[in-house]
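Close look at the chain arrangement
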Amino acid sequence: EDSIRRVAKLLRKFFEKMGAAYVKLGQFIASSPTLFPKAIIDEFQGCLDDVPPLSYTDEVSKVIYRELGGEARVKEIFSRIEEEPLASASIAQVHRGVLRSTGEKVVLKVCKPGVAQSLRTDLDAVYLACRALELLDPSVEQRLGLSGIIEDAREAILQETNLEQEAKNME
């Protein structure tokens, strides 16, 4: 049991270092208690809510400036954006802000830099590996349908990077 916990912790930390696609896989593991031992499920809960945040100054602010038309434009729109995130997940993190024009408190959900392309690349590689396995052994496709599952998961995960669509869905 202790060795499983140690391995699970190392694996979770590895997934976090490898990026968003692996954290999403960790989230799948955390949400699959019938497929994995309890010690692994418990450790991978960290992928659901303990993703280390990116630096606001070094990374997040640059994304905000690029998306909203530059630092001067952001300072026109917001009187304040808190550097400490409210939450950090595999794809994005959330910061509090205050609109300059109205004083209204808002939240900014910011996609982590390069996350969409990284997810696309990693998930395409997983899909190709599954397809190759299915071509080598057609019974794998008949029994598991892995490439179809991966393809569906890929589409769902990539939709999470479209924050404009998410905002429209909230209206």
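First, a word on what this report is: a plain description of the structure on this page. Note that the structure is predicted; figures quoted are calculated from it, not measured. (Residues numbered from 1 in each chain as written. Predicted model: local features only at pLDDT ≥ 70, side-chain atom pairs only at ≥ 80, totals over all residues. Heavy atoms only, no water.)

What follows is about the overall build of the protein chain. Each helix and strand in the protein chain was counted, giving 10 helices and 4 strands. Ordered by position in the sequence, the α and β elements of the protein chain form the string α-α-α-α-α-α-β-β-β-β-α-α-α-α. Principal axes of the C-alpha set define a box for the protein chain whose edges measure 60 × 40 × 30 Å. Residue burial in the protein chain is summarised as follows: out of 171 residues, 35% are buried. By sequence separation, contacts in the protein chain at least 24 residues apart represent 47% of the contacts at least 6 residues apart. Of note, the protein chain has its 23 positive side-chain charges centred 4 Å away from the centre of its 28 negative side-chain charges. (Helix = DSSP H or I, 4+ residues; strand = E, 2+ residues; numbered from the N terminus. Buried < 20%, exposed > 50% of the residue type's maximum accessible area, 1.4 Å probe, protein only. Contact = heavy atoms within 4.5 Å. Lys, Arg positive; Asp, Glu negative; His and termini not counted. Charge placed at Lys NZ, Arg CZ, Asp CG, Glu CD.)

Let's shift gears to a nonpolar patch on the surface. Together, L11, F14 and M18 make up an exposed nonpolar region whose accessible area comes to about 260 Å². Along the chain, the position of M18 falls in helix α1 (residues 2-18). (Patch = residues over 30% accessible without salt bridge, like charges linked within 9 Å, V, L, I, M, F, W, Y side chains within 5 Å. Areas by Shrake-Rupley, 256 points an atom, 1.4 Å probe, with all protein chains shown as cover. Salt bridge = Lys/Arg side-chain N within 4 Å of Asp/Glu carboxyl O.)

Once that is clear, we can look at the side chain of R12. By the element assignment, R12 lies in helix α1. Overall, R12 belongs to the buried group, its relative accessible area being 12%. In this structure the side chain of R12 is engaged in a polar contact, spanning 2.4 Å, whose partner is the side chain of E43. When neighbours within four sequence positions are excluded, R12 is seen to be in contact with E43, F44, G46 and C47. (Polar contact = N/O pair within 3.5 Å; in protein donor to acceptor, adjacent residues only side chain to side chain.)

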